Amino acid sequence: MSNDLLAVQKVRHPIKVRLLEVKRVTELTPAMRRITLTGEDLAGFHSGSFDDHLKLLVPERAGARPNMPTLGEQGLVFAEDGPRPAMRDYTPRRYDPLTNELDIDFVLHHDGPATDWATHAEPGHLIGIAGPRGSFIIPTAFDWHLLIGDETAIPAIGRRLEELPAAARAIVIIKTANEQARLDFASQCALDIRWVTEAATPAEGVGALEAAVRELVLPEGEGYVWAAGEYTDIKAVRQYLTTGLGVDKGRIRAASYWRRSQANSHEHFD
Ligand SMILES: Cc1cc2nc3c(=O)[nH]c(=O)nc-3n(C[C@H](O)[C@H](O)[C@H](O)COP(=O)(O)OP(=O)(O)OC[C@H]3O[C@@H](n4cnc5c(N)ncnc54)[C@H](O)[C@@H]3O)c2cc1C
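Numbering of residues starts from 1 in every chain and runs along the sequence as written. Local features in this predicted model are restricted to residues whose pLDDT is 70 or higher, and side-chain atom pairs enter the listing and the counts only when it is 80 or higher, whereas totals over whole chains, interfaces and linings include all residues. Calculation of side-chain values draws on the structure's entire complement of heavy atoms; hydrogens and water are dropped beforehand.

## Points about the environment of Lys235
Where helices and strands are cited, they refer to DSSP runs of H or I of at least four residues and of E of at least two residues respectively, numbered from the N terminus. Structurally, Lys235 is set in helix H4 (residues 231-244). Between the C-alpha atom of Lys235 and that of His268, which follows or precedes it by 33 residues, the distance is 9.6 Å.

Shown next, in the form of structure tokens:
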């Protein structure tokens, strides 16, 4: 296969700040809520990759209006005279320009400003978003795609599985807190999905996610690995992928989507 077809691409987008309104709330599982947002500000929204993220600008409490920043030369500028909204990263799960809807799926089983807001969200509530400011585009032409993550990665993985063509092959490993947090994915690609729970941890010192990755035999051909979840899990998984399985670092996109005992943590291991 030509190397050009397999080259990843980084694309920058101008940052835009938008004030949006909750249109609908859908319970996907007991641990995940889909919040559908809409509003005039959503016009022209663009998200180029399943790996994209938005900055949510979370109001002080559900139902309140967030103090929206303006855009200055150095980025977002917040007014001095009001509470600054908490900012948290979330995946744009689905954007539909025809219905002017943006879905964001929230994991619910911890406390934090974004989770608390989503837990209490009702139609008419307001929230701000900024971005996505860039997209990391991973070609779909690879012979195989390995997608690894925990519940926070489910929105990105779900979006990726929907966009992979029928000719693609995906192996997916997802760790959830329990079986009730599992959901069905729509995909036309050949899909091998493996769900694990933390309680199934087989050996001391190796987390459930890493243990599942250690059971893999990678397919032949050119592949790409995308992994996102809790810092320690993803760090260990990436380490095993590179040293244990010999996957080229250029063929791995690994990110910490949250870190135990730390608020608002986002890190790339590339
Ligand atoms: C690029 C990117 C995309 C993301 N996409 C999504 C998404 O689509 N949906 C989604 O639900 N999350 C997503 N996340 C994860 C989300 O940003 C974090 O979970 C975030 O910390 C939640 O904010 P909070 O205000 O609820 O909690 P915070 O105030 O950030 O944290 C409060 C406490 O909760 C803990 N905590 C944070 N997240 C979790 C968790 N998942 N499970 C258990 N404890 C946790 C923290 O360690 C901290 O102790 C994404 C993260 C990144 C970096």
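## Structural notes on the environment of Asn264
Note that Asn264 resides in the loop between strand S16 (252-258) and strand S17 (267-268). The classification of residues rests on relative accessible area computed with a 1.4 Å probe and restricted to protein chains. Under 20% of the type maximum is buried, over 50% is exposed, and intermediate values are partly exposed. Under the relative-accessibility criterion, Asn264 is labelled partly exposed at 42%. As a C-alpha pair, Asn264 and Ala141 span 123 residues in sequence and 33 Å in three-dimensional space. For this analysis, residues touch if any pair of their heavy atoms sits within 4.5 Å. Those residues in contact with Asn264 that sit more than four places away from it in its chain are Met87 and Arg88.

## Quick word on the sheet that holds strand S3 (residues 32-38)
Spatially, seven strands are ordered S7-S4-S10-S2-S3-S9-S8 in an open sheet, and the strand pairing comes out antiparallel. The sheet is open, and its two edges are formed by strand S7 (86-90) and strand S8 (94-96), each paired on a single side. Between one strand and the next, the sheet's axes are offset by a mean angle of 35°, whatever the strand orientation. In this scheme, strands are said to pair when DSSP sees at least two bridges between them. For every element, the axis is a line fit to its C-alpha atoms; helices are fit only across the contacting stretch, and the angle between N-to-C directions ranges from 0 to 180 degrees.

## A few points about the sheet that holds strand S15 (residues 223-230)
The mixed open sheet is built from six strands, whose spatial order is S14-S13-S12-S15-S16-S17. Of all strands in the sheet, those with a lone pairing partner are strand S14 (190-197) and S17, marking the two edges. Here strand S12 (residues 144-150) runs beside S15; their pairing, made up of six bridges, is parallel. In the strand pairing of S15, His145 is matched with Tyr224.

## A look at the pattern of salt bridges
Put simply, a salt bridge is a Lys or Arg side-chain nitrogen that is within 4 Å of an Asp or Glu carboxyl oxygen. Evaluated as defined, the whole model comprises 18 salt bridges. We note a salt bridge from Glu198 to Lys175, for which the minimum N-O separation is 2.5 Å. Residue Glu198 is found in the loop between S14 and helix H3 (208-214), and its partner Lys175 is found in strand S13 (residues 169-176); the two are separated by 23 residues along the sequence. For Glu198, a relative accessible area of 33% gives the class partly exposed. Owing to a relative accessible area of 9%, Lys175 belongs among the buried residues under this scheme. A salt bridge links Asp192 to Arg194, with the shortest nitrogen-to-oxygen separation between them at 2.8 Å. Residue Asp192 is classed as partly exposed on the basis of its relative accessible area of 30%.

## Thoughts on the packing of aromatic side chains
Two aromatic rings from Phe, Tyr or Trp, using only the six-membered ring of Trp, form a pair when their centres are within 6.5 Å; if the ring planes differ by under 30 degrees the pair is stacked, by over 60 it is edge-to-face, and anything between is tilted. Evaluated as defined, the whole model comprises eight aromatic pairs. Between Phe185 and Trp195, the ring centres sit 6.0 Å apart and the planes meet at 5°, which makes this aromatic pair stacked. Pair noted here: Phe185 is in the loop between S13 and S14 and Trp195 is in strand S14, with a separation of ten residues, a long-range link. Note on Phe185: relative accessible area 17%, which makes it buried. Every member of this aromatic cluster is reached through a ring pair, and the members are Phe50, Trp226 and Tyr257.

## Notes on the layout of surface pockets
Grid spacing is 1 Å over the protein atoms alone, the probe is 1.4 Å, and a cavity is where that probe fits but cannot get out, while a pocket is an open set with protein on both sides within 12 Å along at least five of seven lines and lining residues have an atom within 4 Å of a point. Grid points are joined across faces, edges and corners, and a volume is the space filled by probe spheres set on the points. Estimates place the volume of the largest pocket at around 930 Å³. Taken together, 34 residues form the lining of the largest pocket, with His110, Thr152, Tyr257, Trp258 and Arg259 sitting closest to its centre. Mapped onto the lining of the largest pocket, the elements with two or more residues apiece are S7, strand S9 (101-107), helix H1 (113-120), S13 and S16. Looking at the lining of the largest pocket, its residues break down into nine nonpolar, 13 polar and twelve charged. For the lining of the second largest pocket, the elements supplying multiple residues, two or more each, are strand S1 (9-12), strand S4 (54-58), strand S6 (75-77), strand S11 (134-137) and S16. Partitioned by chemical class, the residues of the lining of the second largest pocket number nine nonpolar, eight polar and eight charged. Side-chain classes are defined by residue name, with Ala, Val, Leu, Ile, Met, Phe, Trp, Tyr, Cys and Pro counting as nonpolar, Asp, Glu, Lys and Arg as charged, and the others, Gly among them, as polar.

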